[in-house]
Amino acid sequence: MPGPMPTLLDYFPPTDPYLDVIHVDDDILVVNKQSGLLSVPGKDPSLWDCIEYRARQTWPSAGMCHRLDKDTSGVLVLALNKPAHGFIGSQFEHRKTTKHYVARVSGILEQDSGLVDLPLATDWLNKPRQKVDYEHGRPAQTEWQVIEREQEATRVRLVPLTGRTHQLRVHMKAIGHVILGDAFYAEGADFTAADRLQLHAAELGFTHPTTKEFMTFSAPVPF
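Residues numbered from 1 in each chain as written. Predicted model: local features only at pLDDT ≥ 70, side-chain atom pairs only at ≥ 80, totals over all residues. Heavy atoms only, no water.

1. Looking at the overall build of the chain
Right, on to step 1. Across its full length, the chain holds 4 helices and 12 strands.
Right, on to step 2. Radius of gyration (C-alpha) of the chain: 17 Å, near the 17 Å computed for a compact globule of 223 residues.
Right, on to step 3. Along the first, second and third principal axes, the C-alpha set of the chain runs to 45 × 40 × 35 Å.
Right, on to step 4. In the chain, the proportion of contacts linking residues at least 24 apart, taken out of those at least 6 apart, comes to 62%. (Helix = DSSP H or I, 4+ residues; strand = E, 2+ residues; numbered from the N terminus. Rg over C-alpha atoms; globule rule 2.2 N^0.38 Å. Contact = heavy atoms within 4.5 Å.)

Printed below as a string of structure tokens:
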């Protein structure tokens, strides 16, 4: 059976550090999000604690430009003014950003690299889970590359060419190598093999709204 569905009772966001700042200037705030912390508030009022809330304690105008799943850690950028928000948001929308993730997945990937090209759609009977859906799914592509083969797992570099919900998680499961510790998609030993989702947004690159310089930010992999 898949791991348990998270509930409000399961939300204990980490507080140390309260906000891990990588970079800040007049336009942007770049942070390293911990696993277990929401990017933006949840629909339920009790899910108010998130990166956006914490950032606004110091930078009241901070607004999220993109999101990471609650259990995914890594680099996030927030805009500190409306022009910056529009400029960076457009880059995400038109795939002008660069990003790569590091994950530990079950089993041994035999090839050194590959491309997963499978359309994805919401699994309406099991929301918020997603699924491969050839009839109604939206196009989704993920490049992967082996970093290291362990005894029963593989560490991989993942580059999403599209930005679908749970894309990396569903794509890796679809090719038979689910991300370890995934509460939504891993089962049995693959779920219990890690104390958190083994997925980290390791690097993010985008053009700065004022200087027009292409900047790349990174956060060390915590697993």
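The structure having been displayed, the exposition proceeds.
2. Notes on helix α2 (residues 82–93)
Right, on to step 1. Under the 1.5 Å per step criterion, the end-to-end length of α2 is 16 Å for 12 residues, consistent within 8% with the ideal 16 Å.
Right, on to step 2. In the core, the buried residues of α2 are packed alongside β2 (28–33), β4 (73–79), β5 (98–106) and β11 (199–207).
Right, on to step 3. Of the residues flanking the start of α2, the one acting as N-cap is N81, its side-chain oxygen 2.8 Å from the backbone nitrogen of A84.
Right, on to step 4. Just past α2, the residue R95 takes up positive phi, approximately 55°. (Expected span 1.5 Å × (residues − 1). Polar contact = N/O pair within 3.5 Å; in protein donor to acceptor, adjacent residues only side chain to side chain.)

3. Remarks on the pairing of strand β1 (residues 21–24)
Right, on to step 1. Across 3 bridges, the pairing between β1 and β2 is antiparallel. Pairing of H23 across the sheet is with V30, part of β2.
Right, on to step 2. Hairpin connection of β1 to β2: 3 residues between the antiparallel strands. (Pairing = 2+ DSSP bridges.)

4. A short note on the pairing of β2
Right, on to step 1. In terms of residue burial, β2 counts as a mostly covered element, since 6 of its 6 residues are buried.
Right, on to step 2. Burial along β2 is two-sided: the residues I28, V30 and N32 and L29, V31 and K33 are all buried. (Buried < 20%, exposed > 50% of the residue type's maximum accessible area, 1.4 Å probe, protein only.)

5. Some points on the environment of V170
Right, on to step 1. Here V170 lies in helix α3 (residues 167–174).
Right, on to step 2. Classification of V170 as buried rests on a relative accessible area of 6%.
Right, on to step 3. Sequence-wise, V170 and L118 are 52 residues apart; in three dimensions their C-alpha atoms are separated by 9.4 Å.
Right, on to step 4. When sequence neighbours within four positions are dropped, the list of residues in contact with V170 reads L120, Q130, K131, V132 and Y185.

6. Focus: a nonpolar patch on the surface
Right, on to step 1. The grouping of Y18, W48 and Y53 at the surface amounts to a nonpolar patch, some 320 Å² of accessible area in total.
Right, on to step 2. Here W48 is to be found in the loop between β2 and α1 (51–56).
Right, on to step 3. For W48, a relative accessible area of 47% translates into the label partly exposed. (Patch = residues over 30% accessible without salt bridge, like charges linked within 9 Å, V, L, I, M, F, W, Y side chains within 5 Å. Areas by Shrake-Rupley, 256 points an atom, 1.4 Å probe, with all protein chains shown as cover. Salt bridge = Lys/Arg side-chain N within 4 Å of Asp/Glu carboxyl O.)

Limitation: the analysis is restricted to geometry and does not speak to function.
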